[in-house]
Amino acid sequence: MTNLKRIYLLPEAEISDLYARPVFNQNEQQLYFELTQVELDTLGQFGTIKTKVHFILQLAYFKAKNQFFSFTFDDARADVDYVLAKFFKKTDGVFQGNITRQRINQQKQIILKLFDYQTRSMEQIIQVEAHIGELLRYYPKVHDAFRQLLVYLDNQKIVIPTYRSLQDMFTQSFVNERDRLDQLILLMPLGQQEQLSELIDREDGITKLNIIRADQKNFTYTAISAEVEKALELEGLYKFAKGFLPTLLLSKNAIRYYADIAGQYAASRLRRLDKPQQWLHGLCFIYYRYQQIMDNLITSFMYHTRAITVDAKKAAGEYHSGLVVDLPKLAKFLKWFPSRKSGLDHDELNQAAYKILPEGQFPALAQFLQGSTFDTKASMREFYLKSSRSFALYLRPILLAVPFVFYKEDNDIMALIDLMKMHYGSGKGPSTFKLPQDIEDTLSKTQLPYLKKDSDDAQVDPHLFEFFVYHKMYRRLDKGLLCCNESVSYCDIDHDLISDALVDDIEKIANEFGYPKIPIYCDERLDAALMTLDSTWNRTTKRISDGENLAFNIKEMKTGEQQDWSLGYDSLDKLDDAFFRTLSQVEIPSIMMYIGDHIGMWRSFTHMKTRYNKKKTPIVLAINACILSDAFGIGIEKMAEMSDLNYNLMRSTHEDFMRIETLCAANDMVGNLIHLLPIFKLWNIMDDKMLADADGQKLATSESTIQSRYSKKYLGKSPGLSIYTLIANFVAANAKNIGFNEYEGHALYDVIQGNKTNINIDMVTGDNHSLILMGEA
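Attention here is on the structure that accompanies the text. All values derive from a computational prediction rather than experimental measurement. (Residues numbered from 1 in each chain as written. Predicted model: local features only at pLDDT ≥ 70, side-chain atom pairs only at ≥ 80, totals over all residues. Heavy atoms only, no water.)

Moving on, we get to the packing of helix α30 (residues 620-632) against helix α31 (residues 635-642). Between α30 and α31, the shortest axis-to-axis distance is 9 Å and the interhelical angle comes to 120°. Judged on the interaxial angle alone, α31 and α30 are oblique. Note on packing geometry: the crossing formed by α30 with α31 is right-handed. Contacts from Ala625, Cys626, Leu628 and Ser629 of α30 reach α31 at Gly635, Ile636 and Met639. For the contact of α30 with α31, the residue count by class is five nonpolar, two polar and no charged. (Axes fitted to C-alpha atoms, helices over the stretch in contact; angles between N-to-C directions. Helix = DSSP H or I, 4+ residues; strand = E, 2+ residues; numbered from the N terminus. Parallel < 35°, antiparallel > 145°, perpendicular 65-115°, else oblique. Left-handed = near helix turned anticlockwise from the far one by under 90°. Contact = heavy atoms within 4.5 Å. Nonpolar A, V, L, I, M, F, W, Y, C, P; charged D, E, K, R; others polar.)

Our focus in this paragraph is the packing of helix α4 (residues 49-65) against helix α6 (residues 101-114). Two measures define how a pair of helices packs: the angle their axes make with one another and the distance between the axes. Packing of α4 against α6 brings their axes to within 10 Å, and their N-to-C directions diverge by 45°. With respect to α6, the axis of α4 lies oblique. By crossing handedness, the relation of α4 to α6 is classed as right-handed. Mapping the contact onto sequence places Thr51, His54, Phe55, Gln58, Leu59 and Phe62 in α4 and Arg103, Ile104, Gln107, Lys108, Ile110, Ile111, Leu112 and Leu114 in α6.

The subject of this paragraph is the nonpolar core. Formed by 80 residues in total, the largest nonpolar core has its most connected members in Leu297, Phe465, Tyr470 and Met473. In this structure Tyr470 touches Phe301, Thr305, Phe391, Leu395, Arg396, Leu399 and Met420, once residues within four positions along its chain are discounted. One finds Leu35, Tyr61, Ala76 and Val80 within the second-largest nonpolar core, a separate group that totals 27 residues. (Core = buried A, V, L, I, M, F, W, Y, C linked by side-chain atoms within 4.5 Å. Buried < 20%, exposed > 50% of the residue type's maximum accessible area, 1.4 Å probe, protein only.)

With respect to the helices and strands, Thr757 occurs in the loop between α36 (748-753) and β9 (763-765). Overall, the relative accessible area of 2% leaves Thr757 in the buried class. A polar contact of 2.6 Å, which involves the side chain of Thr757, links it to the side chain of Asn755. What Thr757 contacts, discounting residues up to four positions off in sequence, is Asp668, Asn672 and Ala733. (Polar contact = N/O pair within 3.5 Å; in protein donor to acceptor, adjacent residues only side chain to side chain.)

A pair can form between side chains of opposite charge whenever their charged atoms are brought close. Per the stated rule, a full pass over the model turns up 28 salt bridges. The shortest N-O distance in the salt bridge between Arg396 and Glu466 comes to 2.9 Å. Linking Arg396 in helix α20 (residues 388-401) with Glu466 in helix α23 (residues 462-478), this pair joins segments that are 70 residues apart in sequence. In this structure, Arg396 and Glu466 share a single accessibility class: buried. Through salt bridges that share partners, Asp215, Glu227, Lys230 and Arg289 make up one connected network. (Salt bridge = Lys/Arg side-chain N within 4 Å of Asp/Glu carboxyl O.)

Take the environment of Phe174 next. You can see Phe174 is positioned in helix α9 (residues 163-185). When its relative accessible area of 24% is taken as the criterion, Phe174 is described as partly exposed. Taking the C-alpha atoms as reference points, Phe174 and Val142, 32 residues apart in sequence, are found 9.2 Å from one another. For Phe174, the residues in contact, after removing those within four places along its chain, are Ile7, Leu136, Pro140 and Val142.

Further remarks concern the pairing of strand β5 (residues 691-700). Pairing geometry for β5 and β9, over three bridges, is parallel. By the bridge assignment, Leu691 is partnered in β9 with Met763. Pairing analysis gives nine bridges linking β5 to strand β7 (residues 719-728), with the strands arranged antiparallel. Residue pairing for β7: Asp695 is matched across the bridge by Thr725. (Pairing = 2+ DSSP bridges.)

Turning our eyes to something else, we now look at α20. For α20, which comprises 14 residues, the first-to-last C-alpha distance of 19 Å matches the rise-based estimate of 20 Å (1.5 Å per residue) to within 8%. Looking only at α20, the buried set comprises Ser388, Phe391, Leu395, Arg396, Ile398, Leu399 and Ala401. (Expected span 1.5 Å × (residues − 1).)

A contiguous nonpolar patch, built from Ile588, Phe632, Ile634 and Met642 and spanning about 390 Å² of accessible area, is present on the exposed surface. Position of Ile588 among the secondary structure elements: in helix α29 (residues 588-599). Overall, Ile588 belongs to the partly exposed group, its relative accessible area being 45%. (Patch = residues over 30% accessible without salt bridge, like charges linked within 9 Å, V, L, I, M, F, W, Y side chains within 5 Å. Areas by Shrake-Rupley, 256 points an atom, 1.4 Å probe, with all protein chains shown as cover.)

This is the structure in structure tokens:
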């Protein structure tokens, strides 16, 4: 193992935080130096005060971090003085010499036995290495796997190995996992291997990978057609991936990880990998990208169906309003008719009459005068007949490309969908469409007349029937009844649930990975939580009433029957921070330049092209200006006018170097820098947990995209996006663009698992006072 390059697990700050001896404050001293009766009895076997103090210290430190530490009494002077005063009523803590190694090892064994922890052995090392290998199939990102390993060690009561030992274990486990995957990938048929290689091979022009991963920009016919073509091109590989990927024994999280790498890295970087790794990343990317394309197509289907329905209702309303407007024309016609010019033949009479009141308005006005109810459906039917070309262009290709399913069997909507697919999928046109009698019998008798041009027609109109099916699909998609199991957002929930076989083994799996509470039913957990809450509430109020909690000021009321209380504030604490008031004001561009130079952030901005480009590295000042122009939403043209930078320079820099991959890499570098600063921990709300917040910010967009939506509540008449951001101690660890029509909770998993910074987040809060524990998310 010594010849392997050790993997980078943690930054220096986290290594120190994990392995450094605890430094207790006053409250922590009271907590960790409180000994049980068993611990006090154990303490009695040591003869001298020096060995007793050392045992108490090592015991308290083990309670805090489940580790043992090497220290001298001078290193832990504050804790030594506290222990002497609490247990031995002494104030002088000067000890001569050190505790012998044999005595220290004896104390360690006693502490391990007290807490039922395992001693370090070869069997234990093999057990941990095997679990790391198991974790990497579920959490291929090293930070996630490391976090899960700590949970496992705590649950199995295993002392955390040294950092170098963990590095060696992870390094070897990554090598083993890669070898395992390479062997399985090589079993892939030759045809699929060649197809995957063609994705990133570049003979001339843009690679297929770049074409496939380009997202749908809008809802135009061109954009939808391109997305349908991608779906049809990837369908074969997707079906193969759907059957082949389960043989790799990878979790959905791992598949998403490998897919993201292929989706973000340039094709040139993927070509540097070994062939099996190229195929692995490519296959995972195809699997996930196909599902994203299905999402885009269904979203486009919903958008156009809703737009056609809204326009039809609007046209019907305008038609009804037009009848009222035409009443003066009817009055003019009634005045004209008795005094019309005599001797007019039939054609001349019609021409003169229709000039006053158009022919098409006679039946509608007659019904209006008779008091008949305006038939909105009939008016909308006329609009649908005129919009038949829109169905064929925007909706029919999506119907043929997307594999829709209903959440339960034997539903009428699937028979209609299958009928449409069978007819139009075979290349037939609307003119040859005939509705089978068995399906016609299932239609509502009140709806059937509106599917015909005239009520006496024997057959339904193909265009009216086509949109009738689309509208039924729209309503069921909106309610979550009609699904597509080959998509991400429109998948049936039952399709995503784990198998019954795994549910039967839930207790074994939960204990194996360190989450023994997962199998406990929610009502039992709620009962236990309520009991804990009640006891804590009673204990807290009793301490306040007895005057033990000095943070509360208790005041007796004059009646003597009630008490009033208020919180006590330390008068020495100032609300304003004197430190920040002493800092000089610096321009934001200057801060950006300093940070970029300090951490080498500019290196993350690589050119879009890897070959045949003259500018290998960007001009730093231009990159800084492009970042700020986008951040402030003013655009590069406005920035060029405000500064002394050339517009053409900014335009070329923005096109060549500014993209998601480079911006995310730069943001991660800045986040890691702030994470290493001592002030980062001062912002912690909880001492031993990293708490983050996920929320969306609504911003207007300058360009139209498939996610851009209108919202009068947030942006008035402008389209915009919601930037769903994961914030940890003022650092944006990750973010995702979502539309106003999307539920923020659906993006929570993505922003948590997509965190590529070194900030290990333990809990995430969100709207509605939600709290997500990372281990149980």
